[in-house]
Amino acid sequence: MDDQVIKGLLVVMNATTPSNINVNLSISDLKSKTHTLSAMYALGNKLYKPNTAFAFISGTQRSGEFTLKRQSSEGVKLIVYPENVHAETYTGTATWSISKGPSN
């Protein structure tokens, strides 16, 4: 698999120190017509509840072009407990945002 790569341009006026750049991800509850899947999301060794924003990729950059990379094998994993799963179709929403500042 290819690495996940995000490229962009950071403009900071009079930047004398590097800025932290974060690409954040928040995933909603997964719902069917009759159930909500009680799930957690894992990234690396940290667990996140649904609707919690977390830094998917972070990097440090001065003004100018930047590239953030994450190996594909380090993606987000869905964790569910079998007793909470029903044979249904579940849907949810993933929200991506870019921020400048320390990663959460």
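Below: a short report on this structure. (Residues numbered from 1 in each chain as written. Predicted model: local features only at pLDDT ≥ 70, side-chain atom pairs only at ≥ 80, totals over all residues. Heavy atoms only, no water.)

This part covers the side chain of Ser26. Along the chain, Ser26 turns up in strand 2 (residues 19-27). Accessibility expressed as a relative area gives 16% for Ser26, which makes it buried. Apart from the residues lying within four places of it in its own chain, the contact partners of Ser26 are Asn51, Thr52, Ala53, Thr93, Ala94 and Thr95. (Helix = DSSP H or I, 4+ residues; strand = E, 2+ residues; numbered from the N terminus. Buried < 20%, exposed > 50% of the residue type's maximum accessible area, 1.4 Å probe, protein only. Contact = heavy atoms within 4.5 Å.)

Another point: the environment of Thr95. Structurally, the position occupied by Thr95 is in strand 10 (residues 94-100). For the pair formed by Thr95 and Asn51, sequence separation is 44 residues and the distance between their alpha carbons is 9.1 Å. Residues contacting Thr95, with those up to four places away along its chain left out, are Asn24, Leu25 and Ser26.

Burial analysis of strand 5 (residues 39-43) places 4 of its 5 residues in the buried class, which makes it a mostly covered element. Where strand 5 and strand 9 (residues 77-80) come together, 4 bridges link them in antiparallel fashion. Each residue of the ladder has a partner; that of Ala42, found in strand 9, is Lys77. Between the end of strand 5 and the start of strand 6 (residues 46-48), which pair antiparallel, lie 2 residues, with Gly44 showing a positive phi angle near 65 degrees. (Pairing = 2+ DSSP bridges.)

A separate point is the packing of aromatic side chains. Following the criterion strictly, the structure yields 2 aromatic pairs and no others. Both rings, one in Tyr48 and one in Phe54, keep their centres 4.1 Å apart while their planes meet at 15 degrees; by these two values the pair is stacked. Across the pair, Phe54 and Tyr48 agree in class, each one buried. Considering the side-chain rings of Phe56 and Trp96, the 5.2 Å spacing of their centres and the 85 degrees angle between planes classify their relative orientation as edge-to-face. Highlighted residues: Phe56 in strand 7 (residues 54-61) and Trp96 in strand 10, separated in sequence by 40 residues. (Phe/Tyr/Trp six-rings, centres within 6.5 Å; stacked < 30°, edge-to-face > 60°.)

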